[in-house]
Amino acid sequence: MMRLDKLLAHVGYGTRKEVKALIKAGRVHVNESTDIKDKTQVDEFHDHITVDGNPIAYAPHHWIMLHKPAGVVSATQDNVHDTVMDCIGEWMAPDMFPIGRLDIDSEGLLLISNDGKMAHRLLSPKHHVAKCYEVHIDAPLQEDDCMRLCAGIELEDFTTQPAQLEIIAPCVIHLTIHEGKFHQVKRMLQAVGHEVLYLKRISFGPLHLDEQLQPGEWRYLDEEEIAALSAIQ
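Notes on the structure in this doc start here. (Residues numbered from 1 in each chain as written. Predicted model: local features only at pLDDT ≥ 70, side-chain atom pairs only at ≥ 80, totals over all residues. Heavy atoms only, no water.)

**What to know about the pairing of strand β11 (residues 172–177)**
Basically, it comes down to this: Whether a residue is buried, partly exposed or exposed follows from its accessible area with a 1.4 Å probe, protein chains only, as a fraction of its type maximum: under 20%, in between, or over 50%, in that order. A run of H or I in DSSP counts as a helix once it spans at least four residues, and a run of E counts as a strand once it spans at least two, with each numbered from the N terminus. A pair of strands counts as paired when DSSP detects no fewer than two bridges linking them.
In terms of burial, β11 is largely enclosed, as six of its six residues are buried. Side-chain alternation along β11 places Val172, His174 and Thr176 on one buried face and Ile173, Leu175 and Ile177 on a second face that is also buried. By the bridge criterion, six bridges tie strand β9 (residues 131–137) to β11 in an arrangement that is antiparallel. For Tyr133, the partnering residue across the bridge sits in β11 and is Leu175.

Below, the structure written as structure tokens:
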């Protein structure tokens, strides 16, 4: 069972506020009845639910794009800090989990889902899913620094794959990597003598952080975005 407003948001009928307005306007029917409220519990698999006469199709897998704020941890639970799951709150299915992680002091695009099979594929090292970060550093990169980053950096435990680098401003870069090891971006910049002052993930594979999402805000992925993730081989 699921709240009606949560179900409508999940299948793409808008934000929490927008789906509440749909229900209040009588445009939503549950088993032919409009005597419903946003908190009405529905059976997403068996109840007949329509919006403006169009039946909705429910998929069991949920995919959320969160603009992770700094100060929360990328975990399902933590005894000290708020987690990315706390940002979703009551709208989260009980079996969802973050796809990968961002450091507690970093922000940006983080996917949350309950599709374990696809999550495993996206995180598998053999697929080399690209992740791009906006990085603010303490001083401009020198030509040799750029060459080392783009060739691959030898760290204590592994050598990174070649990165893609774009200089945005003297102390602001976009860095695209294909792994995602612990503190990798910070360690790569530290290896060429620079301190990371600010780190924000702006893309993950084919998806870019929705510019309308403020830190702590989230939305469900649409069908095209899910299909783009599914196409990663």
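**Section: the pairing of strand β10 (residues 164–169)**
For β10 and β11, the ladder comprises five bridges, and the chain directions are antiparallel. Directly across from Glu166, in β11, lies its bridge partner His174. Here β10 hands over to β11 after two residues, the two strands then running antiparallel side by side.

**Considerations on the sheet that holds strand β5 (residues 54–55)**
Strand order in the open sheet formed by three strands is β2-β4-β5, and the pairing between neighbours is antiparallel. This sheet does not close on itself; its edge strands, each paired only once, are β2 (28–30) and β5. One ladder, built from three bridges, connects β2 with strand β4 (residues 49–51); its direction is antiparallel. Looking across to β4, one finds that Val30 is bridged to Ile49.

**Details of helix α2 (residues 16–24)**
Put simply, the rule reads: For this quantity, the arc is that covered by the directions from the helix axis to the C-beta atoms. Here a residue-residue contact requires only that any non-hydrogen atoms of the pair lie within 4.5 Å.
Here α2 has its buried residues at Val19, Leu22 and Ile23. All buried residues of α2 project into a common sector of 95° when viewed along the axis, lining one side. Opposite the packed face of α2, turned more than 90 degrees from it, sit the exposed residues Lys17 and Lys24. In the core, the buried residues of α2 are packed alongside α1 (4–10), β2 and β4. A positive backbone phi angle near 80° is found at Gly26, which sits one or two residues after α2.

**What about helix α5 (residues 143–151)?**
Asp145, Cys146 and Leu149 are the residues of α5 that are buried. Mapping the buried residues of α5 onto a view down its axis gives an arc of 95°, with all of them on the same face. Facing away from the buried side of α5, by more than 90 degrees, are the exposed residues Glu143, Met147 and Ala151.

**Considerations on the environment of Thr176**
One can find Thr176 in strand β11. It is 5.0 Å that separates the C-alpha atoms of Thr176 and Gln164, two residues lying 12 residues apart in sequence. Here Thr176 is in contact with Ala130, Lys131, Cys132, Ala163 and Gln164, once residues within four sequence places are set aside.

**Topic: the nonpolar core**
Keep this limit in mind: Nonpolar core, defined: a set of buried Ala, Val, Leu, Ile, Met, Phe, Trp, Tyr and Cys residues in which side-chain atoms within 4.5 Å join the residues together.
Ranked by internal contacts, the top residues of the largest apolar core, which has 32 residues, are Ile112, Val135, Leu141, Leu175, Val185 and Leu189. Those elements that place two or more of their residues in this core are β6 (63–68), α3 (84–88), β8 (107–113), β9, α5, β11, α6 (184–191) and β12 (196–204). Filtering out sequence-adjacent residues up to four positions away, Val185 remains in contact with Tyr133, Val135, Leu175, Ile177, Val196 and Leu199.

**Considerations on the environment of Phe158**
With respect to the helices and strands, the residue Phe158 is situated in the loop between α5 and β10. Under the relative-accessibility criterion, Phe158 is labelled buried at 16%. The spatial distance from the C-alpha of Phe158 to the C-alpha of Lys181 is 9.4 Å, given a sequence separation of 23 residues. In this view, Phe158 contacts Ile153, Glu179, Lys181, Gln184 and Arg187; residues no more than four positions away in its chain are not counted.

**So, the packing of helix α4 (residues 116–123) against helix α7 (residues 223–230)**
In plain terms, the rule: Where helices are involved, their axes are fitted lines through C-alpha atoms of the stretch in contact, as for all axes, and angles between N-to-C directions lie from 0 to 180°. In these notes the angle categories are as follows: under 35 degrees is roughly parallel, over 145 is roughly antiparallel, 65 to 115 is roughly perpendicular, and the rest is oblique. The nonpolar class holds Ala, Val, Leu, Ile, Met, Phe, Trp, Tyr, Cys and Pro. Asp, Glu, Lys and Arg form the charged class, and all remaining residues, Gly among them, are polar.
Closest axis-to-axis distance for the α4/α7 pair is 10 Å, and the angle between their directions is 55°. Looking at the two axes, α4 sits oblique to α7. Across from Met118, Arg121 and Leu122 in α4, the residues of α7 making contact are Ile226, Leu229 and Ser230. In the contact of α4 with α7, the residues fall into four nonpolar, one polar and one charged.

**What to know about the packing of aromatic side chains**
Here is the rule we go by: Stacked, edge-to-face and tilted are the three classes for Phe, Tyr and Trp ring pairs, Trp counted by its six-membered ring, which pair at centre distances within 6.5 Å; planes under 30 degrees apart are stacked, over 60 edge-to-face, the rest tilted. Here, a charge over a ring is recorded when the distance from Lys NZ or Arg CZ to the ring centre is within 6 Å and its angle to the ring normal is within 35 degrees.
Across all of its chains, the model carries one aromatic pair by this definition. With centroids separated by 5.3 Å and ring planes inclined at 90°, the aromatic side chains of Trp218 and Tyr220 adopt a geometry described as edge-to-face. On the basis of relative accessible area, Trp218 is assigned to the partly exposed category, the value being 21%. Residue classification places Tyr220 among the buried residues on the basis of a relative accessible area of 11%. Cation over ring: Lys181 sits above Phe158, and NZ or CZ is 5.4 Å from the ring centre.

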